[in-house]
Amino acid sequence: QVQLVESGGGLVQPGGSLRLSCAASGRIYSIGTMGWYRQAPGKQRELVATISSVGTTSYADSGGGRFTISRDNAKNTMYLQMNSLKPEDTAVYYCNARIKRVSYRPENDYWGQGTQVTVSS
């Protein structure tokens, strides 16, 4: 099986920073594109940022230059550094990864369980 486990969420004041981590474990042959998504109460899940296996990044406008996505392929781990946080960033943050479990099978989508980020004074 493959698991994605997020960590690093919590309560932070407006203007503060958090660093989220997403660690993939299990039977993994390779990991393709990884991404962070978020879902606020009453809203649909939305893309935050993605990063390819070679480090090419893409960001949604909501990050506004405040978020930085990165990954450590040796550790099968992805990160999201979030600075200058705003109350509207409050959401459950989910990680997603396209993972190949064996060389001869296509990639499948995997999701983490989510980590709560609350920005409030």
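Here the residue numbers are simple positions, counted from 1 along each chain's written sequence. Per-residue local features are limited, in this predicted model, to residues with pLDDT of at least 70; the limit for side-chain atom pairs, both in listing and counting, is 80 or more; totals at the level of whole chains, interfaces and linings are taken over all residues. With hydrogens and water stripped out, all remaining heavy atoms of the structure feed into the side-chain values.

So, the pairing of strand 11 (residues 115-119)
Defined as follows: Exposed residues in this analysis have more than 50% of their type's maximum accessible area, buried residues have under 20%, and partly exposed residues fall in between, with area computed by a 1.4 Å probe over protein chains only. Numbering goes from the N terminus for both helices and strands, where a helix is a DSSP run of H or I of at least four residues and a strand is a run of E of at least two. Any two strands with at least two DSSP bridges between them are considered paired.
Burial along strand 11 is one-sided: the residues Thr115, Val117 and Val119 are buried and none of Gln116 and Thr118 is. Direction of pairing for strand 9 (residues 91-100) relative to strand 11: antiparallel, over a ladder of three bridges. Within the sheet, the bridge partner assigned to Val92 lies in strand 11 and is Gln116.

Some details on unusual backbone geometry
The phi dihedral of Asn76 falls on the positive side, at around 50°, and the residue is not glycine. The residue Asn76 is located in the loop between strand 7 (67-72) and strand 8 (77-82) in this model. Here Ser84, not a glycine, exhibits a phi torsion of approximately 50°, which is positive. Secondary-structure assignment places Ser84 in the loop between strand 8 and strand 9. For Ser84, a relative accessible area of 41% translates into the label partly exposed.

Considerations on the pattern of salt bridges
Which entries qualify depends on this criterion: The working definition used for a salt bridge is a side-chain nitrogen of Lys or Arg within 4 Å of a carboxyl oxygen of Asp or Glu.
Inspection of the entire model under this criterion finds five salt bridges. Note that Arg38 and Glu46 form a salt bridge whose closest N and O atoms lie 2.7 Å from each other. With its nearest N and O atoms 2.7 Å apart, the salt bridge here joins Asp89 to Arg66. Residue Asp89 is located in the loop between strand 8 and strand 9, and its partner Arg66 is located in the loop between strand 6 (57-59) and strand 7; the two are separated by 23 residues in the primary sequence. We note that Asp89, like Arg66, is buried. One continuous salt-bridge network, built from bridges that share partners, spans Arg38, Glu46, Arg66 and Asp89.

Topic: the sheet that holds strand 7
As a reminder of what qualifies: Geometry is summarised by axes, namely lines fitted to C-alpha atoms with helices restricted to the contacting stretch, and by angles between N-to-C directions that run from 0 to 180 degrees.
As summarised here, the arrangement of the four strands in space is 1-3-8-7, forming an open sheet in which the pairing is antiparallel. Each having just a single partner strand, strand 1 (2-7) and strand 7 make up the two edges of the open sheet. In this sheet, neighbouring strand axes are inclined to one another by 15° on average, regardless of whether the strands run parallel or antiparallel. Two elements, strand 3 (residues 18-26) and strand 8, share six bridges in a ladder whose sense is antiparallel.

Some remarks on the packing of aromatic side chains
Two measures describe an aromatic ring pair: the distance that separates the ring centres and the angle between the ring planes. Applied cut-off: A pair of aromatic rings is counted whenever rings of Phe, Tyr or Trp (Trp by its six-membered ring) have centres within 6.5 Å, and the orientation is called stacked for planes under 30 degrees apart, edge-to-face for over 60 and tilted otherwise. Criterion for a charge above a ring: Arg CZ or Lys NZ at most 6 Å from the ring centre, at most 35 degrees from the ring normal.
A full pass over the atoms with the stated rule returns one aromatic pair. Over the ring of Tyr94 we find Arg45; its NZ or CZ atom is 3.7 Å from the centre of that ring. Looking at Arg45, its charged tip hangs above the ring of Trp111, at a distance of 4.7 Å from the centre.

Thoughts on the pairing of strand 4 (residues 30-39)
Walk down a regular strand and you will see the side chains alternate between the two sheet faces. Inspection of the sheet shows strand 4 paired to strand 9 by eight bridges, in the antiparallel sense. By the bridge assignment for strand 9, Gln39 is matched with Val92. Examined bridge by bridge, strand 4 and strand 5 (residues 46-51) share five bridges and lie antiparallel to one another. Note that in strand 5 the partner of Gly35 across the bridge is Thr50. Counting the residues that bridge the hairpin from strand 4 to strand 5 gives six residues, and of these Gly42 lies at a positive phi of roughly 80°.

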